[in-house]
Structures are given as structure tokens and as C-alpha cells.
Amino acid sequence: MPFTDVVLTGDYEHPLLGRKEIRYPGYHELAYLHPNVFTPDETVLEKLEVDKGEKYAIVRFVAWAATHDLGHKGMSLENKKKLVESLGEYMKVFISSEDDLPPNLEKFKIHISPEDIHSALAFAHLFVGESGTMASEAAVLGTPAIFMNQKRFGCIGDQIMYGVLHQYSESAIDQGLMIKKATDIAKGEDKSIYKSNAERMLKDKIDVTAFLDWFVCDYPSSKIEMMKESSFDFHRFR
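Here the structure is a predicted model, which is why all the values come from computation and not from measurement.

S.K.: How would you sum up the pairing of strand β3 (residues 56-61)? Please name residues and give values.
M.R.: The buried count for β3 comes to 6 of 6 residues, which makes it a mostly enclosed element. On β3, burial covers both faces: Tyr-56, Ile-58 and Arg-60 on one face and Ala-57, Val-59 and Phe-61 on the other are all buried. Bridge count between β3 and strand β4 (residues 92-97): 6 bridges; the pairing is parallel. Counted as the bridge partner of Ile-58 is Phe-94 from β4. Taken together, the 4 bridges between β3 and strand β5 (residues 126-129) define a ladder with parallel strand orientation. The residue of β5 that forms the bridge with Ala-57 is Leu-126.

S.K.: Talk me through the nonpolar core; I want residue IDs and the actual numbers.
M.R.: Judged by nonpolar contacts, the single largest core of 48 residues is most densely connected at Leu-48, Tyr-56, Ile-58 and Phe-211. Here the element with the most residues in this core is helix α5 (residues 132-140); it accounts for 5 residues. Counting residues in each nonpolar core, the second largest holds 23 residues, with Leu-83, Val-84, Leu-101 and Ala-186 among its members.

S.K.: Describe in detail unusual backbone geometry, supporting the description with residues and values.
M.R.: The peptide bond linking Tyr-219 to Pro-220 adopts the cis configuration, its omega dihedral lying at 10°. Tracing the sequence through the fold places Pro-220 in the loop between α9 (208-217) and α10 (221-228). One non-glycine residue, Glu-49, lies in the positive phi region at around 60°. Secondary-structure assignment places Glu-49 in the loop between α1 (43-48) and β3. According to the relative accessible area criterion, Glu-49 is exposed, its value standing at 64%.

S.K.: If you had to explain the confidence of the model for the protein chain to someone new, which residues and values would you point to?
M.R.: Taken residue by residue, the protein chain gives an average pLDDT of 91. The fraction at 70 or more is 95%. Averaged over each element, pLDDT in the protein chain is lowest for α10 (91) and highest for helix α4 (residues 117-123) (98).

S.K.: Break down the environment of Glu-106 for me, with residues and values.
M.R.: Among the structural elements, Glu-106 can be located in helix α3 (residues 103-106). In this structure the C-alpha to C-alpha distance between Glu-106 and Ile-95, which are 11 residues apart in sequence, comes to 8.3 Å.

S.K.: An account of the sheet that holds strand β6 (residues 145-148) is requested, with residue identities and associated values reported.
M.R.: Spatially, β4-β3-β5-β6-β7 is the arrangement adopted by the 5 strands of the open sheet, whose pairing is parallel. With one partner strand each, in any of the chains shown, β4 and β7 (165-168) form the two edges of the open sheet. If you compare each strand with its neighbour and ignore which way they point, the axes differ by 15° on average. Across 3 bridges, the pairing between β5 and β6 is parallel. Each bridged residue has a counterpart across the sheet, and for Val-128 the counterpart in β6 is Ile-146. Helix-sheet contacts for α5 involve β3, β5, β6 and β7, and the interaxial angle to β6 is about 165°.

S.K.: Would you mind going over empty space enclosed by the protein in detail, with residue names and values included?
M.R.: Over the atoms rolls a probe the size of a water molecule, and in doing so it shows where empty space is left. Across all of its chains, the model carries 1 cavity of 30 Å³ or more by this definition. In this model, the largest cavity occupies a volume close to 30 Å³. As for the largest cavity, its lining consists of Met-75, Leu-83, Val-128, Gly-129, Glu-130, Ile-146, Phe-147, Met-148 and Met-178. Elements with a contribution of two residues or more to the lining of the largest cavity: β5 and β6. At 3 residues, the largest contribution of residues to the lining of the largest cavity is made by β6. In terms of residue class, the lining of the largest cavity is made up of 7 nonpolar, 1 polar and 1 charged.

Conventions and cut-offs
Every chain is numbered on its own, with residues counted from 1 as its sequence reads. Only residues with pLDDT of 70 or above have their local features reported here, since the model is predicted, and side-chain atom pairs are shown and tallied only from 80 upward, although totals for entire chains, interfaces and linings are computed over all residues. For the side-chain quantities, the full set of heavy atoms in the structure was used; hydrogens and water were omitted. A 1.4 Å probe rolled over the protein chains alone gives each residue an accessible area, and that area as a share of the maximum for its type sets the label: buried under 20%, exposed over 50%, partly exposed in between. Only DSSP runs of H or I covering at least 4 residues are called helices, and only runs of E covering at least 2 are called strands; the numbering of each starts at the N terminus. Strand pairing follows a simple DSSP-based rule, namely that at least 2 bridges must link the two strands. The criterion is simple. A nonpolar core is a set of buried Ala, Val, Leu, Ile, Met, Phe, Trp, Tyr and Cys residues joined through side-chain atoms within 4.5 Å. On a range of 0 to 100, pLDDT expresses the predictor's confidence in each residue. Only C-alpha atoms enter the line fits that serve as axes; for helices the fit covers just the stretch in contact. Angles between N-to-C directions range over 0 to 180 degrees. In this description, contact between two residues means that some pair of their heavy atoms is separated by no more than 4.5 Å. Whether a set of points on the 1 Å grid over the protein atoms alone is a cavity depends on a 1.4 Å probe fitting there but being unable to get out, while an open set qualifies as a pocket with protein on both sides within 12 Å along at least five of seven lines; lining residues are those with an atom within 4 Å of a point. Grid points are joined across faces, edges and corners, and a volume is the space filled by probe spheres set on the points. Charged residues are taken to be Asp, Glu, Lys and Arg, nonpolar residues to be Ala, Val, Leu, Ile, Met, Phe, Trp, Tyr, Cys and Pro, and polar residues to be all remaining types, Gly included.

What follows is the structure, given as C-alpha cells:
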């Protein structure tokens, strides 16, 4: 912070960063998943060996090894198995995991290139996981997202408000509630309402790549323009 002239942040609720902060209506994920810059590739369905329109879920487990993961434990192994078994009654399940999986879950491991994961998320019927980034990515793509974490990050809270994401804590009770919600979506809840909510959300947000391109290329006049105007017009980036 001491060495920066400007800090750009999304305009969702978060601790203010002082006079250097400039806020824009968007999320980091919209820098690479906004419809203006990303189109899902249907060939990922062949790689997953699923038919077009066939329901499947992506489940994400993290290693909880990052510094911001201190104090977190995530799902119990028993509940991981229960989640996969419950979802498996209604659709195919693919697991993305930072840690090695036990033998009875290894067969569900997803086998695609990293660059295909966003297309896989876009066509999925459901995302469930411990990764805030992937939950947010699923949400902006219109895929029902369930995120399990004690913390409510700024963009996560905003996406909950739009009805594109659900969040549960890591408590034993919430893990059970999360599995029930995931199963309810798997066995019948229509994905179209999440798509509709995501479209409503995108109308309020911007193409972050277009905004950043303008801001950097026109800097410092872009900074002066934004600092000068109390109600900067972001319409050109929608």
C-alpha cells in the first residue's frame, strides 16, 4: 500500500482502503469471465464424457494450507463421501481436489486441463466446494454455487444478495444443511433461476477487462477523471 498511487477494488462491501482507493462495479472474476471476454467451449463435454444437457456437478476440496486458511478445517472426510454419494444419485460428479483423494473418491477425480475448468463450470448443473474463487466463478457463469467457509468475503456476500450463491459454515450442523441443499438442487431445482439472477447481476456490473484497459492506457488522466467526478459513468464498460 505505501508504494501504490491507486488501489482499484470492487464496490461490494469491504473495509475501506483510504484516499488511494477507487471502486468499480464488478468482481475480479469478471476480468476473465464476463460474457464480453469469455465464451464456454462445448468441447469440454466430450472431455468429461457427458452428453449435452446431461446434469453433472463439480465438487472442489482445498488443502487449507494457505495463510488465509489458518483456523479452518473444511469438510470432514465422512461428509465429503456423503456429499458425493448424495449427488451421485442424481447426476455425475467430478471432484477437483488440492489434496490426494481417498480410494473411494479417487474415481470421481476430474481429468481435464486447467484451462478447461471454466467451461466445465459453465455447463455444470451445480458447484459445491471449499474454494471461494471457484464458487464466485460458478456464480458469475450462472451455475448454482454452494460455498463452505466460515468467512464471508466481500464479493461472496454480494453474490448471495443476487441469489446466485449459497454459503454455509464449516460447523457439523451446517455441513449437513449444505449437503441437503446441494441434494435438493441436484434432484430438481431448476438452474434457469440462477441463470436469470446472474444476468440481472451482470447488468449491474462491468466488463472489468475493458475498464482496466482504459484505466491503465489512459493513466494518469483516467485517475484524475475518476477522482474528479463524484458519479463516474461506468456505462461505457457494460
